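# Structure assessment
Residues per chain are reported as follows:
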Amino acid sequence: MHLDLTPAQLDIKTRAAQFAAEHVRPVAAQRDNTDLFPSDELKQLADMGFMGVNVSSQFGGLEAGVVAYSTAITEVGAADASVGVTMSVNNMVCEVLEQFGTEHQKKTFIPRITQGEYGGGSFCLSEPGSGSDAAGMLTRADFQDDHWIIHGTKSWITTGAHAGVFLVWAKAFHPDHEDGPITAFVVDPATPGISVGKAEEKMGQHGSNTVTLNFDHVKVPADSVLGHIGKGFRIAMMALDGGRIGVASLAVGIAREAIQQAATIINTTPALSQDATVVSKIGELYQELQAAQQMVFHAATLKEKKVARFTREASMAKVFATETASTITEELVALLGPMGVLKDTSLERLVRDARVTRIYEGTSEIQRVVIARDLLKELA
Ligand code: CAA
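### Re the overall build of the protein
Scanning the protein from N- to C-terminus turns up 13 helices and 8 strands. Against the compact-globule benchmark of 21 Å for 380 residues, the protein has a radius of gyration of 21 Å, which places it among compact chains. For the C-alpha atoms alone, the extent of the protein along its principal axes is close to 75 × 50 × 40 Å. For the protein, the residues scored as buried account for 56% of the 380 residues in total. Considering only contacts within the protein whose residues lie at least 6 apart along the sequence, 75% involve residues at least 24 apart. Carbon and sulfur atoms provide 54% of the accessible area of the protein, an area that totals close to 16,000 Å². Counting 33 positive and 45 negative side-chain charges, the protein places the centres of these two groups 3 Å from one another.

Shown next as C-alpha cells:
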C-alpha cells in the first residue's frame, strides 16, 4: 500500500508496527479469550509517547501530528483492536484536555495518561437513556457554594475501571445558567461517590474495558469545568470529530489484518490461489481497503492542517472505514469457509472486533446524519 508519509510519520508508523508485532499481536488471541485488560502494553506504549501522539511534549506527547497518530492506531489496532481502541480514546482525552483545559487541569491529568501512570482516561458522555442522542443526558451538576455536585450514570465507558481522569458531561445548574446547559467536567476518578460497575462482556474487543460509572452526589471543585459552562456539547462534538478519525484508523488496521490473514491461507492453499473467483474477491476487497485508507488520511490531513472544520470528512472516514472493515472481514470468512471460521486464524475475531467499531463514537447511522446535515447546510 502506497503511503505518502514524511520520514517522521514513517518513523512513528514503523515503531508502532514493530511494537505491535513483538508485544501485541502474539497475545491478541489469548486476550480475546481471557478479556484481560492490556495494562502492560499500554504502559509500554505510553513510554513510547503513543498516548499523546498529537499532544505537546510538555505534557508527555510526541507532537507528531494527526496523520502519524492515525498510522500508529492502524498498526496497533491491526494487531489487537482492544489495545487500539484504548489507545485511541486515551489520545482523544489528552487532546481535548490540552485544547480546552486550564493549565492546572493539563498539568495534573494529561501526564497521568501520557506517562502511563494509569491505563488511560475516559470520555463519559453516553448514558443508559442517551447514546446517539447525546444531548438527552440526565446527569446533572449543581453548583453549591464553591463546588459542584455531580449526580447521574454514564454507560459503556471505555477504560472506566482503569482511568486516571474522567471527562464527564452533565447539565450544569448555576445561578448564572439556570437552564442547565451541557457542560464538561474534569473529574478525578478517586473522588468519593464514584462507583464502577462490572466490566461489560462484549461480542468483540474483549481486552478493552467497558463499564457503567455511577456518580452519586460527587463533590468536585468549582474549577473542574472544562472550557466554559454551556460549551460542553460543542467540546464533545469537536473531540468526537478527532476520535472518529482514530476509530476509522483502527478499522483500517482490522481490515488490513484480515486481508493479510486471508492472503497467508490463500498463498499456501493451491485450490484457493488457483481459483479465479477467490483471487478476484481479494482484489475487490483490497480496493475497498485502499479507499478507506485514503478517506482516513484525508480527514487526518484536514485536522492536522487546522484549515477548517473536518466534521464531515471525519464522519465519512468513520462510517466508510468501519463498514468496510465489517464487509472485508465477513466476506473473507465467507470466502475461506471452514478456515475462516476456525480460531486457528484471527478472522473470526476480526469479524467481531470490526462490528464493534460501527457502534462506538457514533453509530454508522449517526455518521450519515452528521454528513447529510453538513452537506445540506452547504447546499442550502
Ligand atoms: N463541532 C463543533 N460544533 C458542533 C459540532 C462539531 N462537530 N457538531 C455540532 N456542533 C454544534 C452545532 O453547531 C450546534 O451549535 P449551535 O447550538 O450554536 O447552533 C450545537 O453543537 C448542537 O448541534 P446539533 O444541533 O447538531 O445537535 P444534536 O443534538 O442534533 O446532535 C448528533 C446530533 C450529531 C446526532 C449528536 O448527538 C451525536 O454526535 N451523537 C452521537 C454521540 C456519540 O458519538 N457518542 C459516542 C460516545 S463517546 C464514545 O463512544 C467514546 C468511547 O468510549 C469509545
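Here the narrative resumes.
### Comments concerning the pairing of strand 2 (residues 140-144)
Two faces belong to every sheet, and in a regular strand the side chains alternate between them. As judged from the 5 bridges shared by strand 2 and strand 3 (residues 147-158), these two strands associate in the antiparallel manner. Of the residues in strand 3, the one forming a bridge with Gln-144 is His-147. With 3 bridges joining them, strand 2 and strand 4 (residues 163-173) adopt parallel strand pairing. Residue pairing in the sheet places Ala-141 in a bridge with Ala-172 of strand 4.

### Comments concerning the domain arrangement of the protein
Domain boundaries assigned for the protein yield domain 1 (7-119), domain 2 (123-230) and domain 3 (234-379). The distance between the C-alpha centroids of domain 1 and domain 3 comes to 20 Å. Contact with domain 1, which involves 31 residues of that partner, is made by 27 residues of domain 3. Between domain 1 and domain 3, roughly 2,200 Å² of surface is buried when both sides are summed, and carbon and sulfur atoms account for 60% of that area. In this structure, the connection of domain 1 to domain 3 is made through 5 salt bridges. With a closest N to O distance of 3.9 Å, Asp-32 and Lys-343 form a salt bridge. The tally of links between domain 1 and domain 3 comes to 8 residue pairs in polar contact (both at pLDDT 80 or more).

### Quick notes on the packing of aromatic side chains
Applying the stated criterion to the full structure yields 4 aromatic pairs. On the numbers, 4.5 Å between centres and 50° between planes, the contact of Phe-123 with Trp-169 is tilted. Taken together, the residues span a long stretch of sequence, with Phe-123 in strand 1 (residues 120-124) and Trp-169 in strand 4 at a distance of 46 residues. For Trp-169, a relative accessible area of 0% translates into the label buried. Centroid distance Trp-148 to Phe-185: 5.1 Å. Interplanar angle 70°. Geometry classified as edge-to-face. Taken together, the residues span a long stretch of sequence, with Trp-148 in strand 3 and Phe-185 in strand 5 (residues 182-187) at a distance of 37 residues. With relative accessibility at 0%, the residue Phe-185 sits in the buried group. When the ring centre of Phe-173 is taken as origin, the NZ or CZ atom of Arg-140, which lies over that ring, is 4.1 Å away.

### Considerations on the nonpolar core
Core analysis: the largest hydrophobic core is formed by 90 residues, its most contacted members being Leu-97, Phe-123, Leu-167 and Trp-169. Counting residues per element, this core draws most heavily on helix 7 (residues 232-267), which supplies 17 residues. Sequence-distant contacts of Phe-123, that is, excluding residues within four places in its chain, are made with Met-92, Val-93, Ile-157, Leu-167, Trp-169, Ala-236, Ala-239 and Leu-240. Grouped together as the second largest cluster of nonpolar side chains are 19 residues, Phe-166, Val-187, Val-211 and Val-220 included.

### Considerations on a positive patch on the surface
On the surface, Lys-231, Arg-234, Arg-309, Arg-373 and Lys-377 cluster together into a patch of positive charge. Structurally, Arg-373 can be placed in helix 13 (residues 364-379). According to the relative accessible area criterion, Arg-373 is exposed, its value standing at 61%.

### Regarding empty space enclosed by the protein
Counted by the stated rule, this structure contains 1 cavity of 30 Å³ or more. Lining the largest cavity we find Ala-28, Arg-31, Asp-32, Asp-80, Ser-82, Gln-205, His-206, Gly-207, Arg-349 and Asp-353. At 3 residues, the largest contribution of residues to the lining of the largest cavity is made by helix 2 (residues 28-34). Looking at the lining of the largest cavity residue by residue, the classes come out as 1 nonpolar, 4 polar and 5 charged. Both domains that furnish three or more residues to the lining of the largest cavity are identified here as domain 1 (7-119) and domain 2 (123-230).

Cut-offs and rules
Residues numbered from 1 in each chain as written. Predicted model: local features only at pLDDT ≥ 70, side-chain atom pairs only at ≥ 80, totals over all residues. Heavy atoms only, no water. Helix = DSSP H or I, 4+ residues; strand = E, 2+ residues; numbered from the N terminus. Rg over C-alpha atoms; globule rule 2.2 N^0.38 Å. Buried < 20%, exposed > 50% of the residue type's maximum accessible area, 1.4 Å probe, protein only. Contact = heavy atoms within 4.5 Å. Areas by Shrake-Rupley, 256 points an atom, 1.4 Å probe, with all protein chains shown as cover. Lys, Arg positive; Asp, Glu negative; His and termini not counted. Charge placed at Lys NZ, Arg CZ, Asp CG, Glu CD. Pairing = 2+ DSSP bridges. Domains from an automatic or database assignment. Buried area = accessible area lost by both parts, 1.4 Å probe. Salt bridge = Lys/Arg side-chain N within 4 Å of Asp/Glu carboxyl O. Polar contact = N/O pair within 3.5 Å; in protein donor to acceptor, adjacent residues only side chain to side chain. Phe/Tyr/Trp six-rings, centres within 6.5 Å; stacked < 30°, edge-to-face > 60°. Lys NZ or Arg CZ within 6 Å of the ring centre and 35° of its normal. Core = buried A, V, L, I, M, F, W, Y, C linked by side-chain atoms within 4.5 Å. Patch = residues over 30% accessible without salt bridge, like charges linked within 9 Å, V, L, I, M, F, W, Y side chains within 5 Å. 1 Å grid on protein atoms, 1.4 Å probe; cavity = no way out; pocket = protein on both sides within 12 Å on 5 of 7 lines; lining within 4 Å. Points joined across faces, edges and corners; volume = space filled by probe spheres on them. Nonpolar A, V, L, I, M, F, W, Y, C, P; charged D, E, K, R; others polar.

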